[in-house]
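As a plain string of letters, each chain reads:
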Amino acid sequence: MENTVSDNTVGLLAPSVIVGEAVAGESAQALKQVTQLVKGISTNTFDLAEALHKVKKNKFYHPKYDTFGEYAKTLELKLTKAYYLVKLVENMEEAGIPRAEYEPVGIAKLRLLSRLDMQDETGQPKMYQGTPAASWVKSFDSHAAETSPADLEGMVKGLLGLTGDNSTVWENWAMTL
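Criteria and thresholds
- Residues numbered from 1 in each chain as written.
- Predicted model: local features only at pLDDT ≥ 70, side-chain atom pairs only at ≥ 80, totals over all residues.
- Heavy atoms only, no water.
- Core = buried A, V, L, I, M, F, W, Y, C linked by side-chain atoms within 4.5 Å.
- Buried < 20%, exposed > 50% of the residue type's maximum accessible area, 1.4 Å probe, protein only.
- Helix = DSSP H or I, 4+ residues; strand = E, 2+ residues; numbered from the N terminus.
- Contact = heavy atoms within 4.5 Å.
- Polar contact = N/O pair within 3.5 Å; in protein donor to acceptor, adjacent residues only side chain to side chain.
- Phe/Tyr/Trp six-rings, centres within 6.5 Å; stacked < 30°, edge-to-face > 60°.
- Axes fitted to C-alpha atoms, helices over the stretch in contact; angles between N-to-C directions.
- Parallel < 35°, antiparallel > 145°, perpendicular 65-115°, else oblique.
- Nonpolar A, V, L, I, M, F, W, Y, C, P; charged D, E, K, R; others polar.
- Salt bridge = Lys/Arg side-chain N within 4 Å of Asp/Glu carboxyl O.

Colleague: Pulling in residues and values, what's your account of the nonpolar core?
Modeller: Formed by 42 residues in total, the largest nonpolar core has its most connected members in Val-34, Leu-52, Phe-68 and Tyr-71. Where this core is concerned, the elements lending two or more residues are helix 1 (14-38), helix 2 (45-57), helix 3 (68-73), helix 4 (79-95), helix 6 (107-113), helix 7 (133-143) and helix 8 (149-160). With eight residues, helix 4 is the largest single contributor of residues to this core. Contact partners of Phe-68, with chain neighbours within four places excluded, come to Leu-52, Val-55, Lys-56, Tyr-61, Ala-82, Tyr-83 and Val-86.

Below, the structure is given as structure tokens:
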């Protein structure tokens, strides 16, 4: 008997090729967009944040890079900035806040909100003082315009338990070796 494909399986492989090509095209486009944004073709930090988020979420850096961190190190951008921009978009997405609502808040205040974890170690919604993180982010975002960065930082530190005896303190010492 000849090696033939039954009529039931004809065309099953074709869609995966089309999907693969579509994903490869989207991947190449997202990687190119990130490179252009980092080089200053567009100065909008929010465009860069969304592009980085897309690259990380869809693992568009792979197979050339094993991790998002490896990819981010190749950009003319500090690694910490790449990560907090991604976290900022992740938090807003998880809280259900569209860009049109969070962008006017400004990058400085949103960076403070990116310190909050939206999920715990088990993937469940992270709770702060008995309230889901998404609710806190929504509340902070809606009141951010009338809240100073210092006050917002204090609120975030309070949720994280970084106040009083647990607050972070920087000490500099001069030493002669």
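Colleague: Tell me about the side chain of His-53, and name the residues and values.
Modeller: If you trace the backbone, His-53 turns up in helix 2. Look past the residues within four positions of His-53 in its chain and what remains in contact with it is Val-86, Val-89, Glu-90 and Glu-93.

Colleague: Break down the environment of Lys-54 for me, citing the residues and quoting the values.
Modeller: Note on placement: Lys-54 falls in helix 2. Its relative accessible area of 32% is what places Lys-54 among the partly exposed residues. Sequence separation between Lys-54 and Val-89 is 35 residues; the distance between their C-alpha atoms is 9.5 Å. Leave out the neighbours within four places in its chain, and Lys-54 touches Glu-26, Ala-30 and Phe-60. At 3.4 Å, the side chain of Lys-54 forms a polar contact with the side chain of Glu-26.

Colleague: Could you give an account of the packing of aromatic side chains, naming the residues involved and the relevant values?
Modeller: One pass over the structure, following the stated rule, counts six aromatic pairs. Between Tyr-61 and Phe-68, the ring centres sit 6.2 Å apart and the planes meet at 65 degrees, which makes this aromatic pair edge-to-face. Residue classification places Phe-68 among the buried residues on the basis of a relative accessible area of 4%. Aromatic pair Trp-136 and Phe-140: ring centres 5.8 Å apart, planes at 35 degrees, arrangement tilted. Pair noted here: Trp-136 and Phe-140 are both in helix 7, with a separation of four residues, about one helical turn. In textbook terms, an aromatic cluster arises when at least three aromatic residues are bridged by ring pairs, as seen for Tyr-61, Tyr-65, Phe-68, Tyr-71 and Tyr-83.

Colleague: Give me the lowdown on the environment of Leu-48, citing residues and values where you can.
Modeller: With respect to the secondary-structure elements, Leu-48 resides in helix 2. You can call Leu-48 buried: its relative accessible area is 7%. Separated by 13 residues in sequence, Leu-48 and Thr-35 place their C-alpha atoms 9.1 Å apart. Setting aside chain neighbours within four positions, we find Leu-48 in contact with Val-34, Leu-37, Val-38, Leu-77 and Leu-85.

Colleague: Residue-level account of the packing of helix 2 against helix 4, with values.
Modeller: What describes two packed helices is the angle between their axes and the distance between those same axes. Contact geometry of helix 2 with helix 4 gives a least axis separation of 8 Å together with a crossing angle of 85 degrees. One finds that helix 2 runs roughly perpendicular with respect to helix 4. Across the interface between the two elements, Thr-45, Leu-48, Ala-49, Glu-50, Leu-52, His-53, Lys-56 and Lys-57 from helix 2 touch Ala-82, Tyr-83, Leu-85, Val-86, Val-89, Glu-90 and Glu-93 from helix 4. For the contact of helix 2 with helix 4, the residue count by class is eight nonpolar, two polar and five charged.

Colleague: Lay out the pattern of salt bridges in plain terms, naming residues and giving numbers.
Modeller: Scanning all chains against the criterion turns up nine salt bridges. The salt bridge partner of Lys-54 is Glu-26, with a shortest N-O separation of 3.4 Å. Note that Lys-54 is positioned in helix 2 and Glu-26 in helix 1, a separation of 28 residues in sequence. Across the pair Lys-157 and Glu-153 runs a salt bridge whose closest N-O atoms are separated by 3.8 Å. Placement of both Lys-157 and Glu-153 in helix 8 is noted, with a separation of four residues, approximately one turn of the helix. On the basis of relative accessibility, which here comes to 26%, the residue Lys-157 falls in the partly exposed class. On the basis of relative accessible area, Glu-153 is assigned to the partly exposed category, the value being 27%. Residues joined by salt bridges that share partners form a network here, namely Asp-47, Glu-50, Arg-99 and Glu-103.

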